[in-house]
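The lines below spell out each chain.
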Amino acid sequence: MPATRASAAMDRTYRRMLVPASLAVGIFAITPLLGMLALSFTDFHLVRGWSGEIGIQNFVRLFEDRRFISSIYIMMALSVFGVLAQVVLGTAIAVGLDKIVGRWRFARGIFVVPFAVPHVAVALIWLSLFTPTLSPINAFFAVFGIEVPALLTTQTGAITAIVIADTWATYPFVMLIVLAALQGISPDLDEAAALDGATRVKAFFRITLPLLYPTLLMVALFRFIETLKHFPLIFVMTSGGPGRATQATNYYAYVQTFQNSNVAYGASIAVFLFLFAAAISFYIAKANARLSDA
Amino acid sequence: MRDTSTAFRVKKAFGYAMMLTFLAFSLLPVIWVVLLSMRPPTALFEPIWESPGAWTLDNIRSIARSDFPAALLNSFITAGSSTLLAMLIGVPGAFALSKRRSSNKFFASWLLLLLRMAPPVGFVIPLFLVYVRVGLIDTYVGLIFAYTSLTLPFVVWSMWTSFNQIPDELIEAGLMDGASLGRVLWRIVIPAARPGLVAAGVLSFLLAWNDFFFSLIITRSDTTTAPVAVMNFVSYASVDWGAIAVASIALTLPIVPIIVLANKYIVQSLGGAVKG
């Protein structure tokens, strides 16, 4: 049958197209991850090297390490408050912009500006705004005799500062996606709700929000994973301080590996984070598969 | 049916006030950094309204004379090469993933997502150890390979979703005309998927351009990228705020035209990636 022969030939071509990508993903991405996994079962130290011992001692140590446990709390605080602020703010602005047409459309462009600023620059801009001697915020309130507290000197303050900087830079991302989703929702629904006598607010919570729910969930999950990987903001704004107050888990892995030379222990922290990401990405992939089947 | 009651007007005014507040929140830090970049060191620590005439271009000149322009060039070279490599390898792969009849697509999609989301610290530890051994520390090749671990999974994932929206009939029609599959991809499918292609290219470039962590660990003075080079202006003794402001702007400026031009495509592509 020529048809089958043709489709077999096509399948071969498809497979050939997959070869470079598979090889490259294998070499560039999967090999380092396997290396990380292997390292986490050793006691490799940047200076002392490896004693030849293999075991799960790193993982046992993880759960006795108070700094590791507290790094998880810090990470969760940064992620939960950050994602919450970004999703709420992004959605609110998107809903506001959705109704704006004509002359004010350019406002969309302005809201997107911080999205273009690289993370290191975001961190430096906000570091300058949170440096009391330099900050125009402090100077402005000083005119009225109000002294703005130095956020970066306390744990709560430093976490708040990082969340603010992160939110500033990334809520436009949420906004763009929610805006795209809102434009897919038929305006007839709003009108129907208005005819039924529902108030605007009620219509939003009863009709628009449930329709947005899948989009919001996906955006929140994506942002959640990104916030777990916080690095430049912490490195530049607080260096993990004051003390160790903002050493989130990812940052703690960096400190153990590259400052304390405990490579194997750092790798085991990375494995922990990796498993976390694996669980969440599994959930997203499942949800995606469901959506594309439907 | 227009409601013109006072309550409605109050609500509307409240809405506009909210929007203006957040517009200020988004815009003021940007204006601040532009002002900061033109303040002389002598006027740095006093409010702008106390020395409204103190402006200088010295900060820009001193950045131009420093190592920073070279670092910007390094960023361009490595982010650009890595994106090119990821597109060349990733686009055909994504096409095959999208159109080939195969049962195990779920695993591929999970793997790609996982690679996009895995913590960079996990990639960088083994890379660092291997690079020290084989002499790839502080080389373009080393950094481009490291960036490809970020850009390739991203390109394959996002082109996969773009190709899914290309109807199979288009490919079948091309094959009927006697073209090979590779030719159909090049001549028909890629032009049809152009928005997705632009978005994938732009976002993958940004992914590498924004990187701080890889560059911090595996580059030294020769190939430092701009985000790490900015940190040269921060030291324990003093922080050169004027230089930092100029460098931050220099780091952002190349991105702005890209974002503005590709904005529409990016929104489509992000929306598609989130919705599936």
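Everything numeric here is computed off the predicted structure, so don't read it as measured data.

**Q** Hey, could you run me through the overall build of chain A in this one?
**A** A tally of helices and strands in chain A yields 12 helices and 0 strands. For chain A, the α and β elements follow one another from N to C terminus as α-α-α-α-α-α-α-α-α-α-α-α. Along the longest, intermediate and shortest principal axes, the C-alpha atoms of chain A span 85 × 75 × 30 Å. Counting every position in chain A, which comprises 294 residues, the buried fraction comes to 41%. The contacts of chain A with a sequence gap of at least 6 include a subset with a gap of at least 24, amounting to 70%.

**Q** Please clarify how the interface of chain A and chain B should be interpreted in this entry.
**A** Interfaces are often described in size by the accessible area the parts lose on coming together. At the interface, 75 residues of chain A touch 69 residues of chain B. Of the residues that constitute the side of chain A that touches chain B, the class distribution is 60 nonpolar, 13 polar and 2 charged.

**Q** Teacher, can you tell me more about the UniProt feature "transmembrane region" (unreviewed entry) in chain B here?
**A** All names here are of chain B. Sequence positions flagged by UniProt for "transmembrane region" (unreviewed entry) are, in local numbering, residues 12-35, 76-98, 110-134, 140-163, 184-209 and 241-262. Between the end C-alpha atoms of residues 140-163 there is a gap of 32 Å, over a span that is 100% helix and 0% strand. Secondary structure over residues 241-262 splits into 91% helix and 0% strand, and the C-alpha atoms at its two ends are 32 Å apart.

**Q** Mind showing me how you'd approach the nonpolar core here?
**A** General note: in soluble globular proteins, nonpolar side chains tend to be found buried as a group. Ala123(A), Trp126(A), Ile162(A), Ala165(A), Met237(A), Ala270(A) and Ala247(B) are the most contacted members of the largest nonpolar core, which totals 161 residues. The contacts of Ile162(A), once residues within four sequence positions are left out, are Leu78(A), Leu233(A), Ile234(A), Met237(A) and Thr246(A).

**Q** Can you walk me through the environment of Gly266(A) in this structure?
**A** By secondary structure assignment, the location of Gly266(A) is in helix α12 (residues 263-293). Separated by 192 residues in sequence, Gly266(A) and Ile74(A) place their C-alpha atoms 17 Å apart. Residue contacts for Gly266(A): discarding those within four places in its chain leaves Ala253(A), Gln256(A), Thr257(A) and Ile125(B).

**Q** What should I look at first to understand the UniProt feature "transmembrane region" (unreviewed entry) in chain A in this one?
**A** Residue and element names in this part refer to chain A. This chain's UniProt record puts "transmembrane region" (unreviewed entry) on residues 21-41, 72-97, 109-129, 158-182, 203-225 and 263-285. Secondary structure across residues 72-97 comprises 100% helix and 0% strand; the distance between its end C-alpha atoms is 36 Å. Annotated as residues 158-182, this span is 100% helix and 0% strand, and its ends, taken at the C-alpha atoms, are 35 Å apart.

**Q** Sorry if this is basic, but what is going on with the confidence of the model for chain B here?
**A** When pLDDT is low, close inspection of the predicted coordinates is not appropriate. Residues and elements named next belong to chain B. Scored by pLDDT, chain B has a mean of 85; 94% of the residues are at 70 or more. Element-level mean pLDDT values for chain B span from 70 in helix α13 (residues 255-275) up to 93 in helix α3 (residues 68-99). We note a pTM of 0.88 for the whole complex and an ipTM of 0.87 for its interfaces.

**Q** Sorry if this is basic, but what is going on with the packing of helix α5 (residues 119-129) of chain A against helix α1 (residues 6-37) of chain B here?
**A** In helix packing, the relevant descriptors are the interaxial angle and the interaxial distance, both defined with respect to the helix axes. One can describe the packing of α5(A) onto α1(B) by two numbers: an axis separation of 10 Å at closest approach and a directional angle of 80 degrees. If you check the angle between α5(A) and α1(B), you find them roughly perpendicular. When α5(A) is examined against α1(B), the residues Ile125(A), Ser128(A) and Leu129(A) are found in contact with a partner set consisting of Pro29(B), Trp32(B), Val33(B) and Leu36(B). Along the lines of polarity and charge, the residues of the contact of α5(A) with α1(B) split into 6 nonpolar, 1 polar and no charged.

**Q** Teacher, can you tell me more about the packing of helix α7 (residues 155-184) of chain A against helix α9 (residues 200-228) of chain A here?
**A** All names here are of chain A. Close contact between α7 and α9 brings their axes to 10 Å; oriented N to C, the two are set at 155 degrees. Between α7 and α9, the angle is such that the two are roughly antiparallel. Seen along the crossing, α7 lies across α9 with a hand that is right-handed. Residues Asp166, Thr170, Val174, Ile177, Val178 and Ala181 of α7 form the contact with α9, whose participating residues are Leu212, Thr215, Val219, Arg223 and Thr227. Its residues assigned to classes, the contact of α7 with α9 shows 6 nonpolar, 3 polar and 2 charged.

**Q** Can you help me understand helix α9 (residues 194-209) of chain B in this one?
**A** Given 3.6 residues per turn, any residue in an α-helix points the same way as the ones three and four places further on. Residue and element names in this part refer to chain B. The first and last C-alpha atoms of α9 sit 22 Å apart over 16 residues, in line with the 22 Å expected at 1.5 Å per residue. A large share of α9 lies buried, amounting to 12 of its 16 residues. Among the residues of α9, those classed as buried are Gly196, Leu197, Ala199, Ala200, Gly201, Val202, Leu203, Ser204, Phe205, Leu206, Ala208 and Trp209.

**Q** Would you mind showing me how to read unusual backbone geometry here?
**A** Comment: phi is negative for the bulk of residues other than glycine, and the bulk of peptide bonds are trans. The backbone of Ser261(A) shows a phi angle near 65 degrees, a positive value even though the residue is not glycine. Mapped onto the fold, Ser261(A) is located in the loop between α11 (249-259) and α12. Positive phi values are uncommon outside glycine, yet Asp138(B) reaches one of about 60 degrees. Considering the arrangement of structural elements, one finds Asp138(B) in the loop between α5 (120-134) and α6 (140-164).

Calculation notes
- Residues numbered from 1 in each chain as written.
- Chains lettered and ligands numbered in written order.
- Predicted model: local features only at pLDDT ≥ 70, side-chain atom pairs only at ≥ 80, totals over all residues.
- Helix = DSSP H or I, 4+ residues; strand = E, 2+ residues; numbered from the N terminus.
- Buried ≥ 20, exposed ≤ 12 C-beta atoms within 10 Å, placed from the backbone.
- Contact = placed C-beta atoms within 7 Å.
- Nonpolar A, V, L, I, M, F, W, Y, C, P; charged D, E, K, R; others polar.
- UniProt positions renumbered as here; feature names shortened; annotations may be inferred.
- Core = buried A, V, L, I, M, F, W, Y, C linked by C-beta atoms within 7 Å.
- pLDDT = per-residue confidence, 0-100.
- Axes fitted to C-alpha atoms, helices over the stretch in contact; angles between N-to-C directions.
- Parallel < 35°, antiparallel > 145°, perpendicular 65-115°, else oblique.
- Left-handed = near helix turned anticlockwise from the far one by under 90°.
- Expected span 1.5 Å × (residues − 1).

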